Amino acid sequence: MAEVNLVSAVTMALARALQDDERVVVLGEDVAKNGGVFRATDGLLERFGSNRVMDTPLAETVIAGASIGLAAQGFRPVCEFQFMGFIHPALDQVINHASRLRNRTRGRLSCPLVFRAPMGAGIHAPEHHSESTETLFAHIPGLRVVIPSSPSRAYGLLLSAIADPDPVMFFEPTRLYRAQKEEVNDNGHGLPLDTCFVLREGRDITLVTWGPMVRETLAAAQTLAAEGISAEVIDVATISPIDFDTILASAEKTGRLVIIHEAPRNLGPGAEIAATVAERGLLSLHAPIERVTAPDTVVPLPRLEKAYMPSEKQIVEAARRVVSFS
């Protein structure tokens, strides 16, 4: 067991995967010699050599295309895009090739590939370094979208993503990289994908969130508890496909639902969750569903960044409104 932060848990999982499976390779800009922009791959080059941990040109399309080729030929590449906003040049490869390889070849080939990228605001970086565009990838059939929110979940979910036979978008919230430490057992055991994690049991209201907003949501639940409101907190973790059974069971128990995400409000994952709960669990609800999200605008420069991100106060206020319905 070791007490590590989220970025160190990512490093630990990558090292374990490289150690246990010779098919695993790591590639991306500055991931080898410099250990990655956030040091997530620090020390891997020295341990596993340049045939397993490779620096690439500054060319996201090349990174994605080479990784798809490696995956199709039996390797299990883990490639890093330095930031979520830098993925866009590689969308052709990700959407038109990685996600469709199994279907296009009628199962003859698969694409066991992980695309890693930091995501989210909160580190005073420009907009291309601060975006939360998980909805874009969740809309693509054939892509799994995973967002960890703690060191232990980063470790376990990344190992499961690397073991998955199909492509996984693995997004790591930058402001959580060093926000907390947690005991993580480097035992090589993955956590289940496509599964929500109930972080806090409650009876009065369900708060559903993931990734960068988990900390604020847990803090809001603590504030609500001091007011006598018992909030259940669910970390979705896998944005596509979503474990709706866990969310519906919680909504049925509490009768009230607030969904929180840093992605823009318009057509965000919260809309899909709200629609599904309305379709399959409407008669269990005692109040309208609310969403707390970032606004439908480009991430602002650092001075306005705090105003852009959903806050604990906003979550508490939304929960109070929902609970106020009799």
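Residues numbered from 1 in each chain as written. Predicted model: local features only at pLDDT ≥ 70, side-chain atom pairs only at ≥ 80, totals over all residues. Heavy atoms only, no water.

Visitor: Can you help me understand the overall build of the protein chain in this one?
Guide: Each helix and strand in the protein chain was counted, giving 12 helices and 14 strands. The C-alpha radius of gyration of the protein chain comes to 20 Å, within 12% of the 20 Å expected for a compact globule of 326 residues. Dimensions of the protein chain, computed from C-alpha atoms along their principal axes, come out at roughly 60 × 40 × 40 Å. Scored against the burial criterion, the 326 residues of the protein chain give a buried share of 57%. For the protein chain, the share of sequence-separated contacts (at least 6 apart) that also reach a separation of at least 24 residues comes to 83%. When the accessible surface of the protein chain is summed, it comes to about 13,500 Å², and 52% of that surface belongs to carbon and sulfur atoms. (Helix = DSSP H or I, 4+ residues; strand = E, 2+ residues; numbered from the N terminus. Rg over C-alpha atoms; globule rule 2.2 N^0.38 Å. Buried < 20%, exposed > 50% of the residue type's maximum accessible area, 1.4 Å probe, protein only. Contact = heavy atoms within 4.5 Å. Areas by Shrake-Rupley, 256 points an atom, 1.4 Å probe, with all protein chains shown as cover.)

Visitor: How should I be thinking about the sheet that holds strand β3 (residues 53-55) in this particular structure?
Guide: Within a sheet, neighbouring strands are paired by backbone hydrogen bonds and run either parallel or antiparallel to one another. Across the sheet, which stays open at both edges, the seven strands sit in the order β3-β2-β4-β5-β7-β6-β12 with mixed pairing between neighbours. Of all the strands in the sheet, just β3 and β12 (238-240) have a single pairing partner and so form its edges. Along the sheet, successive strands turn relative to each other by an average axial angle of 20°, direction set aside. Taken together, the two bridges between strand β6 (residues 144-146) and β12 define a ladder with antiparallel strand orientation. Bridge pairing in β12 links Val145 to Ser240. (Pairing = 2+ DSSP bridges. Axes fitted to C-alpha atoms, helices over the stretch in contact; angles between N-to-C directions.)

Visitor: I keep staring at helix α10 (residues 269-281) and nothing clicks. Help me out?
Guide: An α-helix turns once per 3.6 residues; consequently, residues spaced three or four apart project the same way. With 13 residues, α10 should cover 18 Å at 1.5 Å per step; its first-to-last C-alpha distance of 17 Å lies within 8% of that length. Inspection of α10 places Pro269, Gly270, Ile273, Ala274, Thr276, Val277 and Gly281 among the buried residues, and these make up the whole buried set. Projected onto a plane normal to the axis of α10, the buried residues spread over an arc of 165° and lie on a single side. In this fold, the buried residues of α10 make contact with α6 (134-138), β10 (205-209), β12, α9 (244-254), β13 (257-264) and β14 (290-294). (Expected span 1.5 Å × (residues − 1). Arc of directions from axis to C-beta.)

Visitor: Could you clarify how one ought to interpret helix α3 (residues 60-72) in this entry?
Guide: Taking 1.5 Å of rise per residue, the 13 residues of α3 would be expected to cover 18 Å, and the 18 Å separating its terminal C-alpha atoms lies within 8% of that figure. Among all positions in α3, only Glu60, Ile63, Ala64, Ser67, Ile68, Ala71 and Ala72 are buried. End-on view of α3: buried residues confined to an arc of 160°, all on one side of the axis. Looking at the packing, one finds that the buried side of α3 touches β2 (24-28), β4 (76-80), α4 (91-98), α5 (101-104) and β5 (114-119).

Visitor: Could you clarify how one ought to interpret the packing of aromatic side chains in this entry?
Guide: Note on aromatic pairs: each is described by the distance of the centres and the angle between the planes. Inspection of the entire model under this criterion finds five aromatic pairs. Sitting over the face of the ring of Phe197, Arg153 holds its NZ or CZ atom 5.9 Å from the ring centroid. (Phe/Tyr/Trp six-rings, centres within 6.5 Å; stacked < 30°, edge-to-face > 60°. Lys NZ or Arg CZ within 6 Å of the ring centre and 35° of its normal.)

Visitor: Even after reading the chapter, I still don't get the nonpolar core, so can you show me in this structure?
Guide: Soluble, globular proteins show a tendency: their nonpolar side chains are buried together. In this structure, Phe81, Phe115, Met169, Phe171, Val236 and Ile273 are the most contacted members of the largest nonpolar core, which totals 46 residues. Where this core is concerned, the elements lending two or more residues are β2, α3, α4, β5, β7 (168-173), α9, β13 and α10. Look past the residues within four positions of Ile273 in its chain and what remains in contact with it is Val208, Trp210, Val236, Ile242, Phe244, Ile247 and Ile259. Core analysis: the next-biggest nonpolar cluster, separate from the first, contains 39 residues, Val10, Val24, Ala161 and Leu193 among them. (Core = buried A, V, L, I, M, F, W, Y, C linked by side-chain atoms within 4.5 Å.)

Visitor: Explanation requested: the sheet that holds strand β9 (residues 197-200) in the structure shown.
Guide: The mixed open sheet is built from five strands, whose spatial order is β9-β11-β10-β13-β14. In this open sheet, the two strands that pair with only one neighbour each are β9 and β14. Across the sheet, the axes of successive neighbouring strands diverge by a mean angle of 25°, strand direction being ignored. Both β10 and strand β11 (residues 231-235) contribute to a ladder of five bridges, which runs parallel.

Visitor: Sorry, what's going on with the state of the cysteines here?
Guide: Here, disulfide denotes a covalent bond that connects the sulfur atoms of two cysteines. This model, assessed by the stated rule, comprises zero disulfides. There is no disulfide at Cys79, and the cysteine sulfur nearest it, in Cys111, is 9.5 Å away. Assessed through its relative accessible area of 0%, Cys79 is described here as buried. On the basis of relative accessible area, Cys111 is assigned to the buried category, the value being 1%. (Disulfide = S-S within 2.5 Å.)

Visitor: What should I look at first to understand the side chain of Ser250 in this one?
Guide: Among the secondary structure elements, Ser250 is positioned in helix α9. Ignoring any residue separated from it by four or fewer positions in sequence, one finds Ser250 in contact with Thr206, Glu232 and Ile234.

Visitor: Quick question: what am I supposed to make of the side chain of Ser230 here?
Guide: Mapping Ser230 onto the fold places it in the loop between α8 (214-226) and β11. A relative accessible area of 16% means that Ser230 is categorised as buried. Of the polar contacts made by the side chain of Ser230, one reaches the backbone nitrogen of Arg203; its length is 3.1 Å. Ignoring anything within four residues of it in the chain, the contact list for Ser230 reads Glu201, Gly202, Arg203, Asp204 and Ile205. (Polar contact = N/O pair within 3.5 Å; in protein donor to acceptor, adjacent residues only side chain to side chain.)

The values are spatial; any link to function lies outside them.
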